[in-house]
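Close look at the chain arrangement
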Number of protein chains: 2
Amino acid sequence: MKGPGMSTVLYDLAGAEPERRFSPFCWRIKLALAHKNLSFDTIAWRFTEKDVISFSGQGKVPVLVDSDKVIADSWAIATYLEDAYPQQPLLFGGDAGKALTLFVNSWADRSLARGLVPLLILDIFNHLHEKDQAYFRQTREKALGAPLEQIVLSRETKVKELRHLLEPLRGLLKTQNFVAGTAPAYADYAIFGFFQWARCISPLKLIESDDPIYQWRERLLDAFGGLARQAPGYDV
Amino acid sequence: MKGPGMSTVLYDLAGAEPERRFSPFCWRIKLALAHKNLSFDTIAWRFTEKDVISFSGQGKVPVLVDSDKVIADSWAIATYLEDAYPQQPLLFGGDAGKALTLFVNSWADRSLARGLVPLLILDIFNHLHEKDQAYFRQTREKALGAPLEQIVLSRETKVKELRHLLEPLRGLLKTQNFVAGTAPAYADYAIFGFFQWARCISPLKLIESDDPIYQWRERLLDAFGGLARQAPGYDV
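Report follows, based on the coordinates. (Residues numbered from 1 in each chain as written. Chains lettered and ligands numbered in written order. Predicted model: local features only at pLDDT ≥ 70, side-chain atom pairs only at ≥ 80, totals over all residues. Heavy atoms only, no water.)

So, on to the sheet that holds strand β1 (residues 8-13) of chain A. All names here are of chain A. Taking strand neighbours across the sheet as the criterion, the four strands line up as β2-β1-β3-β4 in an open arrangement whose pairing is mixed. In this open sheet, the two edge strands, each paired with only one partner strand, are β2 (41-45) and β4 (69-72). Each neighbouring strand pair of the sheet contributes to a mean axis angle of 20°, computed without reference to strand direction. Two elements, β1 and β2, share five bridges in a ladder whose sense is parallel. Note that in β2 the partner of Y11 across the bridge is I43. Running at roughly 155° to β1, helix α1 (residues 24-35) makes contact with β1, β2 and β3 (63-66) of the sheet. (Pairing = 2+ DSSP bridges. Helix = DSSP H or I, 4+ residues; strand = E, 2+ residues; numbered from the N terminus. Axes fitted to C-alpha atoms, helices over the stretch in contact; angles between N-to-C directions. Contact = heavy atoms within 4.5 Å.)

This is the structure:
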């Protein structure tokens, strides 16, 4: 338990506007903190502010500072929260749940993200703080092997491919309301983080309103008093 | 608990040779039965023997007859086994584990299967009993919209796409030995069933020997005294 004066702070990726917080990995953690009933503050952080988080021993967010603990990487932070606050609602649901949640997390990172990047990358760029834009363009164009403007061509075809890629989630949601079952847990946040990423920076309609995934996203937008819905973004 | 004289029987899809048992859905259940330490017999069944399983109220295998219970559909059977034999090793690991296992199951059925079908469908056809071949060709060509021989063109490209599609599983296996964690459970069998399907009917090498997925498959081939490894198939 935290005593008075002890704080929980999340370094949270921001765009040009300080309140535009779009990182999928930071969203996972904001929802995980809310799930654990923990109050927290966020600090707007930009890609090029490596020095600001150098105390964490690496250069990416999310970075969580919980009293005297410093943890980087979304999965490590989720694991930390589950271990440090076991008396609060569970994020994983035990050892089996944790192992299986890592599969969902891996699917989100390695399949879903790859379907989304070619749709969103230019919208991300356009929302970045000026000081981040050259860094972002250079690192992403090197990793993806093409100019950002070329990567986002043929978005209509890519939206169709994305909807096809989402079929495992769609199938699941025909028989249960959340990935984790009757209530949301970290497996939901691991996927939802990517939808919230899109929502924060892109007017592109990724899923149709009659898709079970759309209704699932609505439930998560409403969770924790509308934490995700209230964030600056596009209402698509 | 079953008394003397009470039996557990699985109707199990077979090819031309009665011992070539290749259904991915039946493999899930054979491993689930072994996981629960249940002894069982199998009955070779062919696609066109609808009358033989009509007592189950539908026309597909797996069909499990456990004493006086009749259950069809692999997920329904797994759920039945977990509920009927809760004192044996768990297949799901509790409510959270069950919900998350259904995500893995859904990924296997809706992503992995779609990557495998265009690689394997002609090999399946070639291993079928003569009496099943016309039925199989007609139903599959109608569903897939092309002749079987055309569906399996460009297998080299499709193997590459499959290996890409498997990235979430590969990533997971870098940090844990099984999908369900330190020991295999139904989430593993749900995926492995499809690899065993391939192994039983196709000489095609789907995964390289240095792939973490290959090592995971080896562990499952060895599980339960080599239950899956002993089945007639191709050693690829």
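A few words on the packing of aromatic side chains. In total, this model carries 27 aromatic pairs over all chains according to the counting rule given. A centroid spacing of 5.6 Å and a plane angle of 55° characterise the contact between Y11 of chain A and F55 of chain A, whose relative ring orientation is tilted. Of this pair, Y11 of chain A sits in strand β1 while F55 of chain A sits in the loop between β2 and β3, and the two are 44 residues apart along the sequence. Here the aromatic rings of W45 of chain B and F47 of chain B are separated by 6.4 Å at their centres, their planes lie at 70°, and the arrangement is edge-to-face. The exposure class of W45 of chain B is buried, given its relative accessible area of 1%. An aromatic cluster of three or more residues is present, and its members are W45, F47, Y135 and F136 of chain A. Over the face of the ring belonging to F178 of chain A we find R219 of chain A, whose NZ or CZ atom lies 5.4 Å from the ring centre. In this structure, R137 of chain B is placed above the aromatic ring of F125 of chain B, and the distance from its NZ or CZ to the ring centre is 4.6 Å. (Phe/Tyr/Trp six-rings, centres within 6.5 Å; stacked < 30°, edge-to-face > 60°. Buried < 20%, exposed > 50% of the residue type's maximum accessible area, 1.4 Å probe, protein only. Lys NZ or Arg CZ within 6 Å of the ring centre and 35° of its normal.)

On to the relation of the copies chain B and chain A. For the pair of chain copies, the relating transformation is a rotation about an axis with a translation along it. In screw terms, the move from chain B to chain A is a rotation of 180° and a rise of 0.0 Å along the axis, fitting with an RMSD of 0.0 Å. In short, the pair behaves as if placed about a two-fold rotation axis. Distance from the rotation axis, computed per C-alpha, reaches its smallest value in chain B at G97 of chain B: 2.3 Å. Counting the interface residues of chain B, we find that 100% of their copies in chain A are interface residues as well, pointing to one common contact surface. (Least-squares fit on C-alpha atoms with pLDDT ≥ 70 in both.)

For the rest of this paragraph, the subject is the side chain of D12 of chain A. Summarising the element assignment, D12 of chain A is placed in strand β1. Ignoring sequence-local partners within four residues, the contact set of D12 of chain A consists of R21, C26, K30, T42, I43, A44 and W45 of chain A.

With that settled, consider the interface of chain B and chain A. Counting from both sides, the interface comprises 30 residues of chain B and, opposite them, 30 residues of chain A. In total, about 2,300 Å² of surface goes out of reach between chain B and chain A, with carbon and sulfur atoms giving 68% of it. Contact with chain A buries surface across chain B, with L100, F103 and R110 of chain B losing the most and accounting together for 30% of the total. Applying the counting criterion to the chain B and chain A interface returns two salt bridges. Between E167 of chain B and R110 of chain A there is a salt bridge whose closest N-O contact spans 2.4 Å. Taken together, the links from chain B to chain A amount to eight residue pairs in polar contact (both at pLDDT 80 or more). Listed by contribution, the elements that provide at least two residues to the side of chain B that touches chain A are α3 (94-127), α6 (155-165), α7 (167-172) and α8 (186-201) of chain B. At 13 residues, α3 of chain B tops the list of elements feeding residues into the side of chain B that touches chain A. A per-class count over the side of chain B that touches chain A returns 16 nonpolar, ten polar and four charged. (Buried area = accessible area lost by both parts, 1.4 Å probe. Salt bridge = Lys/Arg side-chain N within 4 Å of Asp/Glu carboxyl O. Polar contact = N/O pair within 3.5 Å; in protein donor to acceptor, adjacent residues only side chain to side chain. Nonpolar A, V, L, I, M, F, W, Y, C, P; charged D, E, K, R; others polar.)

A separate point is the pairing of β3 of chain A. One face of the sheet, then the other: side chains in a regular strand alternate in exactly this way. Residues and elements named next belong to chain A. Note that β1 and β3 share four bridges and pair antiparallel. Opposite Y11, over in β3, you have V63 as the bridge partner. Direction of pairing for β3 relative to β4: antiparallel, over a ladder of four bridges. Paired with D66 across the bridge in β4 is K69. The turn linking β3 back onto β4 is made up of two residues, and S67 within it adopts a positive phi angle of 50°.

Now for the pattern of salt bridges. With the rule as written, the count across this model stands at 36 salt bridges over all chains. Residue R21 of chain B pairs with D12 of chain B through a salt bridge whose shortest N-O separation is 3.1 Å. A relative accessible area of 1% places D12 of chain B in the buried class. Among the ionic contacts, a cluster of salt bridges with common partners joins D12, E19, R21 and K30 of chain A.

Core analysis: the biggest nonpolar cluster contains 158 residues, and L169, I191 and W216 of chain A together with L169, I191 and W216 of chain B have the highest contact counts within it. Sort the elements by how many residues they give to this core and α3 of chain B lands first, with 15 residues. What L169 of chain A contacts, discounting residues up to four positions off in sequence, is W107, V179, I191, F195, I213 and W216 of chain A together with F103 of chain B. (Core = buried A, V, L, I, M, F, W, Y, C linked by side-chain atoms within 4.5 Å.)

Residues and elements named next belong to chain B. Ordered by their spatial adjacency, four strands build an open sheet running β2-β1-β3-β4, and the pairing between neighbours is mixed. The open sheet has two free edges, formed respectively by β2 (41-45) and β4 (69-72), since each of these has just one partner strand. Averaged over all pairs of adjacent strands, the angle between their axes in this sheet comes to 20°, without regard to strand direction. Helix α1 (residues 24-35) rests against β1 (8-13), β2 and β3 (63-66) of the sheet, and its axis sits at about 155° to β1. Running at roughly 140° to β4, helix α2 (residues 74-84) makes contact with β3 and β4 of the sheet.

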